Structures are given as structure tokens and as C-alpha cells.
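# Topology and contacts: notes
Given next are the chains, with one letter for each unit.
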There are 2 protein chains.
Amino acid sequence: MKQNIYDDPGFFDGYSKLRRSTEGLAGAPEWPLFQALLPDLKGKRVLDLGCGFGALCRYLAEAGAAKVVGTDLSEKMLATAAERTSDPRIEYRRGAIEDLRFEAGAFDLVVSTLAFHYVERFDLLAAEVHKVLPAGGAFCFTVEHPIFTARPEQAWHLDAESRRLHWPVDDYQVEGERRVNWFADGVVKYHRQLSTYVNTLIDAGFAITRMHEPGITDEALKQYPEMADERRRPIFLMIGSVRR
Amino acid sequence: MKQNIYDDPGFFDGYSKLRRSTEGLAGAPEWPLFQALLPDLKGKRVLDLGCGFGALCRYLAEAGAAKVVGTDLSEKMLATAAERTSDPRIEYRRGAIEDLRFEAGAFDLVVSTLAFHYVERFDLLAAEVHKVLPAGGAFCFTVEHPIFTARPEQAWHLDAESRRLHWPVDDYQVEGERRVNWFADGVVKYHRQLSTYVNTLIDAGFAITRMHEPGITDEALKQYPEMADERRRPIFLMIGSVRR
């Protein structure tokens, strides 16, 4: 919990070279689906939990948001994010998602991409997001998919010639910590059932408006030929919801 | 589509010996979760799509429903269902789920257990259910989980000593027909992404109220010791929803 793996030099270096890090939103094949999930941004106050290098914050401001607060635990990522913009509507704050507190109704929209699987208590997080939104406010996020986080290996099952046979799932209903080796050893993630994300949102006072398990379209496959296996198992889960 | 596999002699014989067939609801470990999903049944008009041997219909009537209509495509199953009750509140109708038509607002609750993965067009089904319910009417069902239906083999990945290594997932985002060998060869099921169930319900005018991917509790494990692996992958998906 509150693990700051992104400031680990090896992790930061590896993560910085990902296509989604170097190219921003254009390097994230699921971006068009996430973009379609967002409400009209004109004049909106937006909170981005786990903003990383700030690509989404910059998009939100350019699309008309009145105020964008991006938060992250990583000092290095926030420094890079700050270097990449001088937009006065964007403000970056350092802190763990679990520790951030804002005033009730302070935002109209809360977004987060690929951060919540590092958070142990999704119930507390959902309650805090509910607090900072007014009725009708939107909460849209992506996380690593439960099919992807179930096993700590997070890897294809290969045959003797290293061909990908299938994606292995195990301990799906056993929620909790998974220690994953990804750019660094022992990165702590939290596996939750998909139904846990849904029920926690409902219990916190949200209505689910949309869910995606992005694969790859024929069109996108031309741009990302290395992603041909992205129809074999979902790697991300995307949820759109509205505060009731 | 509209495949009547349940009247295949070999299939019927095999299916009839399942614990959930011989013991009814008590032989279905997920039953308490489904029961908790149901609204108050007193005086309600209930439709059970794919009622099989009628165990759920009998429970609904005994729990106070004013009228229960159970439908199934299998002549043999409906004959057995009819033999097991003389309750005047229960009526059985033969027909494929896709072909059944009822008057608008004819029911207060629609339920279905483990039938919709035989139906090709979940969108048409959801629209029809929406039509037969009034605003606030509930729609609660179970289907085989997309993790379970993704591969037509529907089987654990085993090692050389036949030990269960993990549950294999493949072609998750490739929706459509799966020909499965289960009590009979070439049983036709339809694989859909979990998000497709959710989005189709939302688009048809339902609000999701609860979702479960039943595992096995410590308590239930004492009663069903053969189910120790039911924490390793979900076999069923359970969804509660309300017509908006």
C-alpha cells in the first residue's frame, strides 16, 4: 500500500520507455474508448488520480476543462508532468491516492487510468470520490483487468517453443495482494474480482453507465501490429459511472 | 440457436444426474446468493426463462408469488417439472426463449438460471424482458461466466499427472458460437464478454444493482468438498438489475 514503485530507478526507466509513456494518449490503444466515456468537459473541474506524466491532464485542459488537478505519488513523474505544461488550469499535487482529501463537491469529474490496482481499499477510495463529486458527477477509470491480475506471474502460458498457448487464470476469487515482477521485483498490486469493482461502486452510491474490456479493432491493429494477441484476453477493465 | 439439446437422450440422462438436478436448489451452491438477489416475492407475477425441472418456479410460488410462468424448450424437462407440482399458481409453457412473447408489463420479476448462454442475441432478449416488466421491475439471472465460456474446451489445463494447473482463457474478445462437448457432442453455446452483458442491459434500459462471480465459502466447502477449486476461476456470472 502506498508503494512508490514509480520512483524506483529501474522501474521508472522501464516504464518511461513504454509506448504510452513516450507517445502519451496516442500510444494507448484503449484511449478512444476512454475518451468516449468522458462527459462534455467544457468548464468542468476534473481530478485525475494517479496522473503520471500528465498526458490525460493536458488533454482535459485542452478540451475545455476549467480546472484540472492531477495527483501522483511519484516525484519523478510529477516533475516530468510539470515540465510538459505551463497551462494555468493544471495543478499537480503529490500524494498517495489513499491519503488525498478534497472538499465535498470540489470536482465535476474524477478520472483515473491504471492506478487503482495499486490501491488496497477500493471501498474507501470510492467513498472519497463520491464525496468530492456532486450528484450527476462522473467517475471514469481504467484498471488492470481481474483476468490479468489473478496470477502474480501476469504472463501467457507458453509451449516449449515459447508460443503463447493461452492466458492462465487462477485464484480468481482469492482477492488481495499480488507481488509482481514488472520492471522491478516485488511490485505490489491488488487483485479484485470484477464484481467487486461493480458492487463497491454501487454500494458507494454510483450507477454503472458503461464497461469495456478493450481488445483491438482491425483498424487499431494496423497501427499496433504487435498487439495481435489483444483479442485473446483482456488486459484492462474500463468503467464509467455516475454519482447518484 | 434454439437448439434443444436437453431433449437429446444422452444429454438429458447426464444432466439429470447433476447434483443441481437431483437436489434442486439445495444442490446449487450459488443458490443463497441468487436468493438474496430476489426482491420480496409476495403477490408478484414472475417469469422464469429456461426453468428446466422447475425447482426455482416451485420456490417462487412457495415464497408467495401470485403467479409463476416457467418456460423451457425441452419437452422432457417440462414434463418432469409438471409432475413435480400441482400448484395452481405455476404454469409451464414450452418454447425457445427467443420466441416467447408476453404482454407489456405482464410480470413484476423475470428470472433465469444458466440459460442465456444458449441464446445468440442477448440484445433482443433484454429488450423483450424490458417490455414485459414495469418500471422498477427486477431482472435477475445467472449465466456461464465469460471466463468459462471463452474456450470451447471449457476445461482446466492439466499437467502430465492430470493435476489442475490453471484455468485457460483464450479468444475472450472474440464473441460468438462455441461448440462444446458436454454430455453430448457439439452443444452450441454463445460466448460474450462480461462487459457485453453489462452494456446490453444498460442500453436496454436496466440499472445494474448487483453482480456476483460465485466462488465457494468455507461453510459451503464443508457441504461440497468436491468444490475446492471453485476459488480458482468463476464458472457462473450472476447479475441483478432493475428496469428503469
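Our subject is the structure listed above.
Residues numbered from 1 in each chain as written. Chains lettered and ligands numbered in written order. Predicted model: local features only at pLDDT ≥ 70, side-chain atom pairs only at ≥ 80, totals over all residues. Heavy atoms only, no water.

Moving on: the overall build of chain A. Looking only at helices and strands, chain A has 9 helices and 11 strands in total. A compact globule built from 244 residues should have a C-alpha radius of gyration of about 18 Å, and chain A, at 18 Å, falls within 12% of that. Seen along its three principal axes, the alpha-carbon backbone of chain A occupies a region of about 55 × 40 × 35 Å. Taken across its 244 residues, chain A has 57% of its residues classed as buried. For chain A, the proportion of contacts with a sequence separation of at least 24, taken over those separated by at least 6, is 66%. (Helix = DSSP H or I, 4+ residues; strand = E, 2+ residues; numbered from the N terminus. Rg over C-alpha atoms; globule rule 2.2 N^0.38 Å. Buried < 20%, exposed > 50% of the residue type's maximum accessible area, 1.4 Å probe, protein only. Contact = heavy atoms within 4.5 Å.)

The next point concerns the interface of chain A and chain B. The partner chain B presents 33 residues to the 33 residues of chain A that form the contact. A combined buried area of about 2,700 Å² lies between chain A and chain B, and 48% of that area is made up of carbon and sulfur atoms. Its largest share of buried area at the contact with chain B, chain A owes to His166(A), Gln173(A) and Glu213(A), together 21% of the area lost on that side. In this structure, the connection of chain A to chain B is made through 4 salt bridges. With a closest N to O distance of 2.5 Å, Asp203(A) and Arg210(B) form a salt bridge. (Buried area = accessible area lost by both parts, 1.4 Å probe. Salt bridge = Lys/Arg side-chain N within 4 Å of Asp/Glu carboxyl O.)

Take the relation of the copies chain A and chain B next. Relating the two copies of this chain is a rotation about some axis coupled with a shift parallel to it. At an RMSD of 0.0 Å, chain A and chain B line up after a rotation of 180 degrees and a shift of 0.0 Å along the axis. The transformation relating the two chain copies, once decomposed into turn and shift, fits a two-fold axis. Proximity to the rotation axis, assessed at the C-alpha, singles out Pro168(A) in chain A; its C-alpha lies 2.3 Å from the axis. (Least-squares fit on C-alpha atoms with pLDDT ≥ 70 in both.)

The next point concerns the pattern of salt bridges. Across all of its chains, the model carries 48 salt bridges over all chains by this definition. We note a salt bridge from Arg45(A) to Asp108(A), for which the minimum N-O separation is 2.8 Å. Note that Arg45(A) is positioned in strand S1 (residues 45-49) and Asp108(A) in the loop between strand S3 (90-94) and strand S4 (109-113), a separation of 63 residues in sequence. Each of Arg164(A), Asp229(A), Arg232(A) and Asp170(B) takes part in a single network of salt bridges with overlapping partners.

Bringing the packing of helix H6 (residues 122-132) of chain B against helix H8 (residues 194-204) of chain B into the picture now. All names here are of chain B. Running from N to C, H6 and H8 point in directions that differ by 40 degrees, and their axes come no closer than 9 Å. Judged on the interaxial angle alone, H8 and H6 are oblique. H8 is crossed by H6, and the crossing has right-handed handedness. Every residue of H8 that contacts H6 at Phe122, Asp123, Ala126, Ala127 and His130 is listed here: Tyr197, Thr200, Leu201 and Ala204. (Axes fitted to C-alpha atoms, helices over the stretch in contact; angles between N-to-C directions. Parallel < 35°, antiparallel > 145°, perpendicular 65-115°, else oblique. Left-handed = near helix turned anticlockwise from the far one by under 90°.)

Our focus in this paragraph is unusual backbone geometry. A negative phi holds for most residues other than glycine; trans holds for most peptide bonds. Its identity as a non-glycine residue notwithstanding, Leu114(A) has a phi of 55 degrees, on the positive side. Inspection of the secondary structure puts Leu114(A) in the loop between S4 and helix H6 (122-132). With a relative accessible area of 15%, Leu114(A) lands in the buried category. Of note, the phi angle at Ser162(B) is positive, near 65 degrees, even though the residue is not glycine. You can see Ser162(B) is positioned in the loop between strand S6 (157-158) and strand S7 (164-169).

What follows is about the nonpolar core. Nonpolar side chains in soluble globular proteins tend to be buried together. Formed by 81 residues in total, the largest nonpolar core has its most connected members in Phe116(A), Phe139(A), Phe141(A), Phe116(B), Phe139(B) and Phe141(B). The residues touching Phe116(A), leaving out its near neighbours within four places in the chain, are Leu49(A), Ile97(A), Phe122(A), Leu125(A), Phe139(A), Phe141(A), Val143(A) and Arg192(A). With 24 residues, the next largest nonpolar core counts Ala28(A), Phe34(A), Ala61(A) and Met238(A) among its residues. (Core = buried A, V, L, I, M, F, W, Y, C linked by side-chain atoms within 4.5 Å.)

Okay, the pairing of S7(B) next. Bridging between strand S7 (residues 164-169) of chain A and S7(B) involves 3 bridges; their strand directions are antiparallel. The residue bridging Pro168(A) from the neighbouring strand is Pro168(B), located in S7(B). Connecting the antiparallel pair S6(B) and S7(B) is a turn made up of 5 residues, with Ser162(B) showing a positive phi of about 65 degrees. (Pairing = 2+ DSSP bridges.)

With that settled, consider the sheet that holds strand S10 (residues 206-212) of chain A. Residue and element names in this part refer to chain A. Pairing within the open sheet is mixed, and its 7 strands lie in the order S3-S2-S1-S4-S5-S11-S10. Across the chains shown, the open sheet's two edge strands, defined by having one partner strand only, are S3 and S10. Neighbouring strand axes in the sheet, compared pairwise and without regard to direction, differ in orientation by 20 degrees on average. Alignment of S4 against strand S5 (residues 138-144), held across 5 bridges, turns out to be parallel.

All names here are of chain A. Two elements in contact, helix H1 (residues 9-16) and helix H5 (residues 75-83), have axes whose closest approach is 11 Å; the angle formed by their N-to-C orientations is 40 degrees. As the angle between them shows, H1 and H5 are arranged oblique. Contacts between H1 and H5 involve Pro9, Phe12 and Tyr15 on the former and, on the latter, Lys76, Met77 and Thr80. The class makeup of the residues in the contact of H1 with H5 is 4 nonpolar, 1 polar and 1 charged. (Nonpolar A, V, L, I, M, F, W, Y, C, P; charged D, E, K, R; others polar.)

The antiparallel open sheet is built from 4 strands, whose spatial order is S6(A)-S7(A)-S7(B)-S6(B). Of all the strands in the sheet, just strand S6 (157-158) of chain A together with S6 of chain B have a single pairing partner and so form its edges. The pairing of S6(A) with S7(A) spans 2 bridges and is classified as antiparallel. The residue bridging His157(A) from the neighbouring strand is His166(A), located in S7(A).

Residues and elements named next belong to chain B. If you trace the backbone, Leu18 turns up in the loop between helix H1 (9-16) and helix H2 (19-22). Each C-alpha atom, one on Leu18 and one on Arg45, is 29 Å from the other, the two residues being 27 residues apart in sequence. With near-sequence residues (within four places) excluded, Leu18 lies in contact with Trp182 and Phe183.

With that settled, the discussion passes to the packing of aromatic side chains. Residue and element names in this part refer to chain A. For the structure on display, the rule yields 46 aromatic pairs over all chains. The interplanar angle of 45 degrees and the centroid separation of 5.3 Å between the aromatic rings of Phe139 and Phe206 together place this pair among those described as tilted. Linking Phe139 in strand S5 with Phe206 in strand S10, this pair joins segments that are 67 residues apart in sequence. One aromatic cluster in this structure is built from Tyr6, Phe11, Phe12, Tyr15, Phe53, Tyr118, Trp182 and Phe183. (Phe/Tyr/Trp six-rings, centres within 6.5 Å; stacked < 30°, edge-to-face > 60°.)

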